[in-house]
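# A closer look at the structure
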Amino acid sequence: EPYRMGTAAPFGLCGWTVSADTRPKGEIMSPYYPAVYPDNEDCFYTLSGRPGQRIKLEFTDFDMYYGGDQ
């Protein structure tokens, strides 16, 4: 079974909602990881916990750069 990050956003949007009720623990990642992120692509992740619950994020691989003309 393919990895499912959460509930996908409506068609045409790059985003996911991850709910503590259905996925209390897991990973989120760029839909293109580990490939290069396309220019002008905006993706979002909505992390939804229960009242009083904390959300912990650990980054294991994070890279930002400006590559100029390619």
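Computed from a predicted model, the values in this text were never measured in an experiment.

## Focus on the overall build of the protein
On a plain count of helices and strands, the protein comes out with zero helices and three strands. Starting at the N terminus, the α and β elements of the protein follow one another as β-β-β. For the protein, with 70 residues in total, the buried portion stands at 11%. The contacts of the protein with a sequence gap of at least 6 include a subset with a gap of at least 24, amounting to 44%. Accessible surface computed for the protein: about 6,600 Å², of which carbon and sulfur atoms make up 53%.

## Observations concerning the sheet that holds strand β3 (residues 43-48)
Pairing in this open sheet of three strands is mixed, and the strands run β1-β2-β3 from one edge to the other. Sheet topology places β1 (7-8) and β3 at the edges, where each strand pairs with a single neighbour. By the bridge criterion, two bridges tie β1 to strand β2 (residues 14-19) in an arrangement that is antiparallel. From the neighbouring strand, T7 faces β2, where its bridge partner is T17.

## Describing a nonpolar patch on the surface
Taken together, the side chains of I28, L47, I55, L57, F59, F62 and M64 make up a nonpolar region of the molecular surface, amounting to roughly 760 Å² of accessible area. Tracing the sequence through the fold places F59 in the segment after β3.

## With respect to the confidence of the model for the protein
Per-chain confidence: the protein averages 79 in pLDDT, with 83% of residues scoring 70 or above. Ranking the elements of the protein by mean pLDDT puts β1 last with 77 and β3 first with 88.

## Let's talk about the pairing of β2
Relative to β3, β2 is paired through six bridges, and the arrangement is parallel. Bridge pairing links C14 to C43 in β3.

## What about the pattern of salt bridges?
Evaluation of the coordinates by the stated rule reveals two salt bridges. Across the salt bridge formed by R50 and D21, the nearest N and O atoms sit 3.0 Å from each other. You can see R50 sitting in the segment after β3 and its partner D21 sitting in the loop between β2 and β3, a full 29 residues away along the chain.

Definitions and limits used
Residues numbered from 1 in each chain as written. Predicted model: local features only at pLDDT ≥ 70, side-chain atom pairs only at ≥ 80, totals over all residues. Heavy atoms only, no water. Helix = DSSP H or I, 4+ residues; strand = E, 2+ residues; numbered from the N terminus. Buried < 20%, exposed > 50% of the residue type's maximum accessible area, 1.4 Å probe, protein only. Contact = heavy atoms within 4.5 Å. Areas by Shrake-Rupley, 256 points an atom, 1.4 Å probe, with all protein chains shown as cover. Pairing = 2+ DSSP bridges. Patch = residues over 30% accessible without salt bridge, like charges linked within 9 Å, V, L, I, M, F, W, Y side chains within 5 Å. Salt bridge = Lys/Arg side-chain N within 4 Å of Asp/Glu carboxyl O. pLDDT = per-residue confidence, 0-100.

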